[in-house]
Amino acid sequence: MDSRSKSILRTTPMIRCLKVLLAIFNFIFLVTGIAILVLGVWTKVELYKYLELTTDYNPQIPIVLIATGCGILVFGALGCACLFKGTPCFLYVYAIFLFIIFIVELSAGIAGLVMKNKLQEGFEKGLNDAVKNYASKKGPVDKIQNELQCCGVTTYKDWFNTTWSGSIQQVPESCCKKGVPVKSCIYKAPTTGANLTNINTEGCYKKVVDFTQNNVGAIGGSVVGFSFIQLFGAVFAYFLGKALRKQSYDQVT
């Protein structure tokens, strides 16, 4: 057996192994794309109601996640085509696309983790501003107070010092506890124990910060973790393309 035949025999098992690894990667890649797309939509639709009051929120982050998720699904389909065709050139292009997605995901994940550390100061400033200007910020404030069952920034008494409350010392209807009908909820001048039984007395600041930091941290960490899957895929695609090119060259020569 000549050296050319031996080289082909050595290359063939490696190509099969790389094809299997790339096929497994493509499946994980598509699942990752769906997960990132869902994360982006959830951040835009659900988490936004808590993030919109902070002064440090970057509204582009969920858009980047959604675009990345869609891009992964498209490139995942391209990866399947590249694997089926087995053309080195296509595999090199696929590896480049995967590396670009790796950079985008890693950047978005790190941005989310950095933003997580800035949320505390931004929320304190944003919530204080929203409570003081309740007339123009009514929607976001009511959403947070209803969802998290809280009232005011640090305590329900924060409302007593606002222009909206005036001399009545009242809190918004959104401070009423869940299950208590609005008509039965005493939310004006809640200074006695009897009145306080119908409203939430804990402030929203700590609840909002805890909720968003936990979720933003989880999203940022997940995206950073997902990004390295793309890096492994780029390596598999590159070496498979290289192996196929070598096999093709050995067969010609």
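Here's what I pulled together on the structure shown here. All values derive from a computational prediction rather than experimental measurement.

Notes on helix α2 (residues 60-85)
Across its 26 residues, α2 extends 37 Å between first and last C-alpha, which sits within 8% of the 38 Å expected from 1.5 Å per residue. Residues I61, P62, L65, T68, G69, G71, I72, G76, G79, C82 and L83 constitute the buried set of α2.

So, empty space enclosed by the protein
This model, assessed by the stated rule, comprises 2 cavities of 30 Å³ or more. For the second largest cavity, the calculated volume is near 50 Å³. Forming the boundary of the second largest cavity are L127, A130, V131, V141, I144, Q145, G152 and C204. Class assignment of the residues belonging to the lining of the second largest cavity gives a composition of 6 nonpolar, 2 polar and no charged.

Brief notes about the state of the cysteines
Linking two cysteines covalently through their sulfur atoms gives a disulfide. Summed over all chains, the structure comprises 2 disulfides. Between C150 and C204 runs a disulfide, and the two sulfur atoms are separated by 2.0 Å. On the sign convention where negative is left-handed, the bridge of C150 and C204, at about 95° about the S-S bond, is right-handed. Of this pair, C150 sits in the loop between α4 (134-148) and α5 (193-196) while C204 sits in helix α6 (residues 204-252), and the two are 54 residues apart along the sequence. Here C150 matches C204 in class, with each residue buried. A sulfur-sulfur separation of 2.1 Å characterises the disulfide bridge that pairs C151 with C175. Residues C151 and C175 are joined by a disulfide whose S-S torsion is about 85°; by sign, that bridge is right-handed. Here C151 is found in the loop between α4 and α5, whereas its partner C175 is found in the loop between α4 and α5, with 24 residues between them in sequence. Classification of C151 as buried rests on a relative accessible area of 0%.

What counts, and where the lines are drawn
The residue numbers shown here count from 1 along each chain, following its written sequence. Side-chain atom pairs in this predicted model are given and counted only at pLDDT of 80 or more, local residue features only at pLDDT of at least 70, and totals for whole chains, interfaces and linings cover all residues. The side-chain values count all of the structure's non-hydrogen atoms but skip hydrogen atoms and water molecules. Counting from the N terminus, the helices are the DSSP runs of H or I reaching at least four residues and the strands are the DSSP runs of E reaching at least two. For a helix, the expected span equals 1.5 Å multiplied by the residue count minus one. Burial here depends on accessible area, computed with a 1.4 Å probe over protein chains only, as a share of the maximum for the residue type. Under 20% is buried, over 50% is exposed, and the range in between is partly exposed. Cavity and pocket criteria rest on a 1 Å grid covering protein atoms alone: a 1.4 Å probe that fits but cannot get out defines a cavity, protein on both sides within 12 Å along at least 5 of 7 lines defines an open pocket, and an atom within 4 Å of a point defines a lining residue. Grid points are joined across faces, edges and corners, and a volume is the space filled by probe spheres set on the points. As a working rule, the residues Ala, Val, Leu, Ile, Met, Phe, Trp, Tyr, Cys and Pro are called nonpolar, Asp, Glu, Lys and Arg charged, and the rest polar, with Gly in that last group. Our working definition of a disulfide is a cysteine sulfur pair at a distance within 2.5 Å.

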